[in-house]
Amino acid sequence: MQKDKPMPYTFNEHLHNYAVWAAARAVARNFTNTANVKSAIEKTELRSLLDSNEKFSIASFDQFHRETAGKIIAHLKFIDNELGEKASYGRAAKIIAIYIKTAIVIRDSGMSNLARIAHPPIDRILLTNANKEHKKLGLDRYNWTQLSENEYFELVEKLRTIEFESFWEVERYWSPIQAE
């Protein structure tokens, strides 16, 4: 009897696994583990973006984001109600942003349609540093881990007013050294 061959390990599988790990690491502190983040991501259409050539508009991406964050939050609540209580829109948004940054933005050298319009990962470092140059936006008043959906999109609209060619460029205000 011949054993079944294992499924081939493709580059997209590799990229997906790495993007899941990166997203989990970005939100894990005082929140959850990699297995829960992986399970939540796999309840969404994020992975399908790896093989997609879909052209998003800003509005259609924002809608995709809302739907994806809703699925992540709902799945985390399904896993554990206490975890679901901590699963804010801001945390779901960070999972989405890190996954897309890792799997799409970096892969495409920031040049694809999605890479140009996808929301950057938003955290305290980015908000604090951006606020230094853009005080009128009041970015320092937001706590990314506590953002509701409405607050998150209010913040995204403020960040979109900063001059850049692609949305990922807002990350010039983020520093890996400050993340230590």
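Use the structure listed above.
The structure presented is a predicted model; accordingly, all values stated were derived computationally and were not measured.

A. Here's a closer look at helix H7 (residues 124-133). For H7, every residue scored as buried is listed here: Ile125, Leu126, Leu127, Asn129, Ala130 and Asn131. For H7, the N-terminal cap is Asp123; the gap from its side-chain oxygen to the backbone nitrogen of Ile125 is 3.2 Å.

B. Spatial organisation of empty space enclosed by the protein. This model, assessed by the stated rule, comprises 1 cavity of 30 Å³ or more. Considering only enclosed or pocket space, the largest cavity measures out at about 30 Å³ in volume. In terms of lining residues, the largest cavity is bounded by Gly90, Ala93, Lys94, Ala97, Pro120, Ile122, Trp144, Leu147 and Tyr152. Residue contributions to the lining of the largest cavity peak at 4 residues, all from helix H5 (residues 89-105). Here the lining of the largest cavity is composed, by residue class, of 7 nonpolar, 1 polar and 1 charged.

C. Seen up close, the pattern of salt bridges. Counted according to the given criterion, the structure contains 11 salt bridges. Linking Lys38 and Glu42 is a salt bridge whose minimum nitrogen-to-oxygen distance equals 2.8 Å. Residue classification places Glu42 among the partly exposed residues on the basis of a relative accessible area of 38%.

D. Representation of the layout of surface pockets. By volume, the largest pocket is sized at about 770 Å³. At the level of elements, helix H1 (11-27), H5 and H7 are the ones that each hand at least two residues to the lining of the largest pocket. Looking at the lining of the largest pocket element by element, the count peaks at 6 residues for H1. Within the lining of the largest pocket, the residues separate by chemical class into 13 nonpolar, 5 polar and 9 charged.

E. Inspection of helix H2 (residues 34-41) at higher detail. Residues of H2 that are buried include every one of Asn36, Val37, Ala40 and Ile41, and no others. Seen end-on, H2 carries its buried residues on one side only, within an arc spanning 130 degrees. Regarding H2, its N-cap is Asn33, as a side-chain oxygen of that residue lies 3.2 Å from the backbone nitrogen of Ala35 further along.

The rules we used
Residues numbered from 1 in each chain as written. Predicted model: local features only at pLDDT ≥ 70, side-chain atom pairs only at ≥ 80, totals over all residues. Heavy atoms only, no water. Buried < 20%, exposed > 50% of the residue type's maximum accessible area, 1.4 Å probe, protein only. Helix = DSSP H or I, 4+ residues; strand = E, 2+ residues; numbered from the N terminus. Polar contact = N/O pair within 3.5 Å; in protein donor to acceptor, adjacent residues only side chain to side chain. 1 Å grid on protein atoms, 1.4 Å probe; cavity = no way out; pocket = protein on both sides within 12 Å on 5 of 7 lines; lining within 4 Å. Points joined across faces, edges and corners; volume = space filled by probe spheres on them. Nonpolar A, V, L, I, M, F, W, Y, C, P; charged D, E, K, R; others polar. Salt bridge = Lys/Arg side-chain N within 4 Å of Asp/Glu carboxyl O. Arc of directions from axis to C-beta.

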